[in-house]
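# Results of the structural survey
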Amino acid sequence: MKALELKGITKQFPRVLANDHINLSIEKGEIFSIVGENGAGKSTLMKIVYGLYTPTSGEIYVFGKKVNMKSPHDAIKLKIGMVHQEFMLIPRFTVTENIVLGDEPRKGIVFDFKRAVKEIREISEKFGLKVDPLEKVANLPVGIQQRVEILKILRRGAEILIFDEPTAVLTPEETEDLFKTLRALKKDGKTILFISHKLKEVMEISDRIAVLRRGKLQGVVKKEETNERELARMMVGREVVLEIPRVKVEKGPVVLSVRDLAAKDHRGILKLKGVSFDVHAGEIVAIAGVEGNGQMELVNSLIGFTRPVKGKIVLNGEEMKLITPYNVRRKGMAYIPEDRKRRGLVLPFKIRENIIMGQHTLYPFSKGGILNDKVINEFATKQVEEFDIRPRDIYINAGNLSGGNQQKVILAREMAMKHNFLLASQPTRGLDIGAMEFVYKHLIEEKKKGIAILLISLELSEVLGLADRILVMYEGEIVGETVPEETNEEELGMMMLGIKRKERLVQ
Amino acid sequence: MNLLNLSIAQMFDFAAPILFAALGGVVSENAGVVNIALEGIMRFAAFFGVWGAFIGKNPWMGLLWGLLIGAAVGALHGYISVTWAGDQIVSGVAINVVAMGIITYLLEFVFKTTGYSPPVPYFGAAHYRVHISFISKIPILGAFSNLTLLVWFSLIAVGLIHFMLYHTVLGLRIRAVGENPHAAETLGVNVMKIKWFATILGSVLAAFGGISLSLGTLSSFTNAMPMGKGFIGLAAMIFGKWTPIGALLASLVFASAQIVQLLLQGMASGIAKQIPLGFYLALPYLLTIGALIGVVGRAVPPASDGIPYKKEG
């Protein structure tokens, strides 16, 4: 039986054709993936299926019946549920309140909290999704928050479950848990729509896979009949080099030296517990580790967002006494932040403004406090061209760019800044293959130029592909040091979980 | 009644307008709608209350008029900031400015006077007060023996709004809309309807506050009304961390500052006489500023407070 059928779905936005005559037919009880680069139209299509957008034209059939959805309310009634990329949760509410909102158990006008809690206990039991109904969502790790989202839609009797990039925010272990849940739901007869651009995951979990590119359906393939390479080619429209080329560069002098550095997080908990390492010119040192093991505090200490509780940072032979973002940048540090929307860019500002930020007080961009528009525009235009930022419009707001292009704006800015040390913190987070390839290319370029690079990454393939030296962080300490030639994903994974330690003599 | 009881009773009289405004803010902002027009709404209601009482020859008619105009001005704010998703501060400022001008004009037009209206029947009159004679001699409790209806309304409103916000389905939805309207929308909550409801209810509460000013202990409208009581109400809302009970406590603190000011003024001797009168008058407001500096860092507003909501697609 067909759970969902889309016929000729088209969605025209003022400036883009997000979906162009898409036909899909999804069987009940299958895990159906939709892949595509950022901006290919996956999310738009799902929002149409969920009633958040009205299609410009086309027809939708749910369990054989033609439907006309005007709001998510209609979708819910048709037993369609969605786990959004950005969770639709209220942090200050309890798990229970979040799950029952909009369909609350009641006694007259009174919200029957006790019965709600009981219901959540039952449903959590039934689907094997463990949650504490009384806990505030703000106190939960991301993986559990997602579980709350899943329970929310299951409680409303969802038969078709849409997951929009569900693994983007998860750690590898949480992803494994999610996949277990998905398989269990499938066994239960639920239909699952899985949106992603991570091909490895798609190959692991799906029955069938649809590929979108620039709003058009490129084809639907069975998992057994395809592979990552073919999917990548369909997504990008050309052959994609997934392997990162190895480049050997003669190692130069020490650029950054960190000794016994310790720092607390914003709640005052000691997260970084005394780390020491050096980064040489022309070398990429990667910090591997599960998120939340002190990487954030390391980055914050280096860039000057956190005052370390002890330890020493020496940049270009000079001990940094008072670290502020302004000071370290003047001393030659460039920074690709992990959260481009919050730290990397001012979203409501134009490309031309974002691309000079940090240098806006310097000649030639400004003189005596007055910005030189001509110089700025020339520079921005040149960088937009060189870094292939699309659209080629320096007056467009950074917030209106796709994730990949936002990252290119940051690269274009940081690379142009005078620097010999690059702090790249999760530089490919949330990017699609095409954009990832672009970032890798530039990191390697930097290395060739003799820049010292500290790469912080959660992706092991990236760490193994790019790094000259790998440091593994676990609970705020460096628990292992190795080189890509002497290790593999499995060993790194064990070190990341604190199961194994490996010392290597610092030369 | 002894001085203590009298002072406490007076504190409740002072507190009522602030408390009503604060409760109006609590309801409105818990649904994510900032309503600084509360000040203007109080002015409208204070005047229309007097006008209604004048025409109907009883304060109940005044109350009705006041609440209706409060709801109407609230609807204007709702139309601009909810339906049109306009800037809530701009709308609020505009309404306050309009209230200033229109009411000054109406005062002259209706009563042919400037400055203040003639006296009208009011809730402070003895036969409109709630007499509980058997407690009148008891210290502290005695303060409650002769309060106006409006003061009792303000206290009852605290309980009702607390119940509504934290124990009813409607309240859960109001708070959900103020925290994350998109999440509420995806769950089928009618965000617009909730925001409208909260805006109107908040405005009606502020209107009660305006009426407490002109028909509570006074029996006429003066053109200086509401003298920033709406804004102090908003301060009380923040001080009270956007909760009704917090708003009550904050309003009592602010009102007691006013009592202390009166007492100090009366008792001032020696060096205290050298302190200019202005200082005493400013005392409650200085306390307000002090309280806000002390507490505002820790008070967290609803996550989507003040952000206009637009539906996607």
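Keep in mind that what you see is a predicted model, and the values were worked out from it rather than measured.

## Let's talk about the overall build of chain A
A count of helical and extended segments in chain A gives 17 helices and 24 strands. Computed over the C-alpha atoms, the radius of gyration of chain A is 24 Å, within 12% of the 23 Å expected from 2.2 N^0.38 for a compact globule of 507 residues. Viewed in the frame of its principal axes, chain A has a C-alpha envelope of about 70 × 50 × 50 Å. Residue burial in chain A is summarised as follows: out of 507 residues, 56% are buried. Partitioning the intrachain contacts of chain A with sequence separation of at least 6 by distance along the chain shows that 65% fall at a separation of at least 24. If you sum the accessible surface of chain A, you get close to 22600 Å²; carbon and sulfur atoms cover 52% of it. Taking the average place of the 81 positive charges on the side chains of chain A and the average place of its 70 negative ones, the gap between the two points comes to 4 Å.

## Some remarks on the sheet that holds strand β17 (residues 318-319) of chain A
All names here are of chain A. Taking strand neighbours across the sheet as the criterion, the four strands line up as β14-β13-β16-β17 in an open arrangement whose pairing is antiparallel. In the strand order of this sheet, the two ends are held by β14 (270-280) and β17, each with one partner. Helix α9 (residues 295-303) contacts β13 (254-264), β14 and β16 (310-315) of the sheet and is inclined by roughly 120 degrees relative to β13.

## Here we look at helix α9 (residues 229-239) of chain B
All names here are of chain B. Counting buried residues along α9, eight of its eleven residues qualify, which places the element largely inside the surrounding structure. Every buried residue belonging to α9 is among Lys 229, Gly 230, Ile 232, Gly 233, Leu 234, Ala 235, Ala 236 and Met 237, and all of these are buried. A positive phi of about 55 degrees marks Lys 241, the residue just after α9.

## Points about the sheet that holds strand β9 (residues 160-164) of chain A
All names here are of chain A. If you walk across this open sheet you meet the six strands as β6-β9-β10-β3-β11-β12, and the pairing is mixed. Pairing within the sheet leaves two strands with one partner each, and these edge strands are β6 (80-83) and β12 (216-222). On average, adjacent strands in this sheet sit at an angle of 20 degrees to one another, irrespective of strand direction. Bridge analysis of β6 against β9 gives four bridges, and the strand direction is parallel.

## Quick word on the domain arrangement of chain A
Often the size quoted for an interface is simply the accessible area lost on bringing the parts together. Residues and elements named next belong to chain A. Per the domain assignment, the segments making up chain A are domain 1 (2-236), domain 2 (252-332 + 418-507) and domain 3 (342-417). With centres defined by C-alpha atoms, the gap from domain 2 to domain 3 works out at 26 Å. Tallying the contact residues gives 16 residues for domain 2 and 14 residues for domain 3. Buried surface at the junction of domain 2 and domain 3, both sides included, amounts to about 1300 Å², of which 62% is carbon and sulfur.

## Quick look at the interface of chain B and chain A
If you look at the interface, chain B gives 25 residues, while chain A gives 28 residues. Roughly 2200 Å² is buried in total at the junction of chain B and chain A, and carbon and sulfur atoms are behind 63% of that figure. Residues Arg 173 of chain B and Glu 104 of chain A are paired through a salt bridge, measuring 2.7 Å at the closest nitrogen-oxygen approach. At the boundary of chain B and chain A, one finds ten residue pairs in polar contact (both at pLDDT 80 or more). Of all the secondary-structure elements, those providing two or more residues to the side of chain B that touches chain A are α5 (149-167), α6 (169-179) and α7 (181-186) of chain B. Among the elements that take part in the side of chain B that touches chain A, α6 of chain B stands out by supplying six residues, more than any other.

## Digging into the packing of α5 of chain B against helix α10 (residues 244-267) of chain B
Residue and element names in this part refer to chain B. Contact geometry of α5 with α10 gives a least axis separation of 8 Å together with a crossing angle of 150 degrees. Here α5 is positioned roughly antiparallel relative to α10, judged by the angle of their axes. Mapping the contact onto sequence places Leu 155, Val 158, Ile 161, His 162, Leu 165 and Tyr 166 in α5 and Pro 244, Ile 245 and Leu 248 in α10. The residue makeup of the contact of α5 with α10, split by class, is eight nonpolar, one polar and no charged.

## Looking at the pairing of strand β22 (residues 452-457) of chain A
Residue and element names in this part refer to chain A. Counting buried positions over the six residues of β22 gives six, a clear majority of the element. With burial as the criterion, each face of β22 is covered, one bearing Ala 452, Leu 454 and Ile 456 and the other bearing Ile 453, Leu 455 and Ser 457. The pairing of strand β15 (residues 284-288) with β22 spans five bridges and is classified as parallel. Following the sheet pairing, Ile 284 is matched in β22 by Ile 453. Bridging between strand β21 (residues 421-425) and β22 involves five bridges; their strand directions are parallel. When the bridges of β22 are listed, Phe 421 appears paired with Ala 452. For the handedness criterion, the β-α-β arrangement of β21, helix α15 (residues 433-448) and β22 is classed as right-handed.

## Let's talk about helix α4 (residues 113-126) of chain A
All names here are of chain A. Compared with the 20 Å implied by 1.5 Å per residue over 14 residues, the 20 Å span of α4 between its first and last C-alpha is a close match. Among the residues of α4, Ala 116, Val 117, Ile 120, Ile 123 and Ser 124 are the ones counted as buried. One face of α4 carries all of its buried residues, which in axial projection span an arc of 130 degrees. Of the exposed residues in α4, the ones pointing more than 90 degrees away from its buried face are Lys 114, Lys 118, Glu 125 and Lys 126. In the stretch just after α4, Gly 128 is the one whose phi turns positive, near 65 degrees.

## Focus: the pairing of strand β1 (residues 2-12) of chain A
Walk down a regular strand and you will see the side chains alternate between the two sheet faces. Residue and element names in this part refer to chain A. Pairing of β1 with strand β2 (residues 17-27), which is carried by seven bridges, proceeds in the antiparallel orientation. Bridged to Leu 4 within β2 is Ile 26. Hairpin connection, β1 to β2: the antiparallel pair is bridged by four residues. Here β1 pairs with strand β4 (residues 57-62) via five bridges, running antiparallel. If you follow Lys 7 over to β4, its bridge partner there is Glu 59.

## Looking at the nonpolar core
Core analysis: the largest hydrophobic core is formed by 139 residues, its most contacted members being Phe 163 and Leu 182 of chain A together with Phe 47 of chain B. Per-element accounting of this core gives the leading share, 14 residues, to helix α1 (residues 3-30) of chain B. Dropping the residues within four chain positions of it, Phe 163 of chain A is found in contact with Val 83, Ile 150, Leu 178, Leu 182, Ile 192, Leu 193, Phe 194 and Ile 195 of chain A. Grouped together as the second largest cluster of nonpolar side chains are 51 residues, Leu 345, Ala 380, Leu 411 and Phe 438 of chain A included.

## Focus on unusual backbone geometry
Residues and elements named next belong to chain A. Residues Tyr 363 and Pro 364 are joined by a peptide bond in cis, for which omega reads 5 degrees. Note on placement: Pro 364 falls in the loop between α12 (351-354) and β19 (366-367). Residue Pro 391 is reached from Arg 390 by a cis peptide bond, and omega for that bond is -5 degrees. As for its position among the elements, Pro 391 is in the loop between α13 (373-386) and α14 (403-416). You will see that Arg 214, though not glycine, has its phi angle at about 45 degrees, which is positive. Looking at the secondary structure, you find Arg 214 in the loop between β11 (208-213) and β12. At Gln 426, a position not held by glycine, the phi torsion is positive, near 45 degrees. Mapped onto the fold, Gln 426 is located in the loop between β21 and α15. Using a relative accessible area of 9% as the deciding quantity, one classes Gln 426 as buried.

About the thresholds
Residues numbered from 1 in each chain as written. Chains lettered and ligands numbered in written order. Predicted model: local features only at pLDDT ≥ 70, side-chain atom pairs only at ≥ 80, totals over all residues. Heavy atoms only, no water. Helix = DSSP H or I, 4+ residues; strand = E, 2+ residues; numbered from the N terminus. Rg over C-alpha atoms; globule rule 2.2 N^0.38 Å. Buried < 20%, exposed > 50% of the residue type's maximum accessible area, 1.4 Å probe, protein only. Contact = heavy atoms within 4.5 Å. Areas by Shrake-Rupley, 256 points an atom, 1.4 Å probe, with all protein chains shown as cover. Lys, Arg positive; Asp, Glu negative; His and termini not counted. Charge placed at Lys NZ, Arg CZ, Asp CG, Glu CD. Pairing = 2+ DSSP bridges. Axes fitted to C-alpha atoms, helices over the stretch in contact; angles between N-to-C directions. Domains from an automatic or database assignment. Buried area = accessible area lost by both parts, 1.4 Å probe. Salt bridge = Lys/Arg side-chain N within 4 Å of Asp/Glu carboxyl O. Polar contact = N/O pair within 3.5 Å; in protein donor to acceptor, adjacent residues only side chain to side chain. Parallel < 35°, antiparallel > 145°, perpendicular 65-115°, else oblique. Nonpolar A, V, L, I, M, F, W, Y, C, P; charged D, E, K, R; others polar. Right-handed = clockwise from strand over helix to strand, strands pointing away. Expected span 1.5 Å × (residues − 1). Arc of directions from axis to C-beta. Core = buried A, V, L, I, M, F, W, Y, C linked by side-chain atoms within 4.5 Å.

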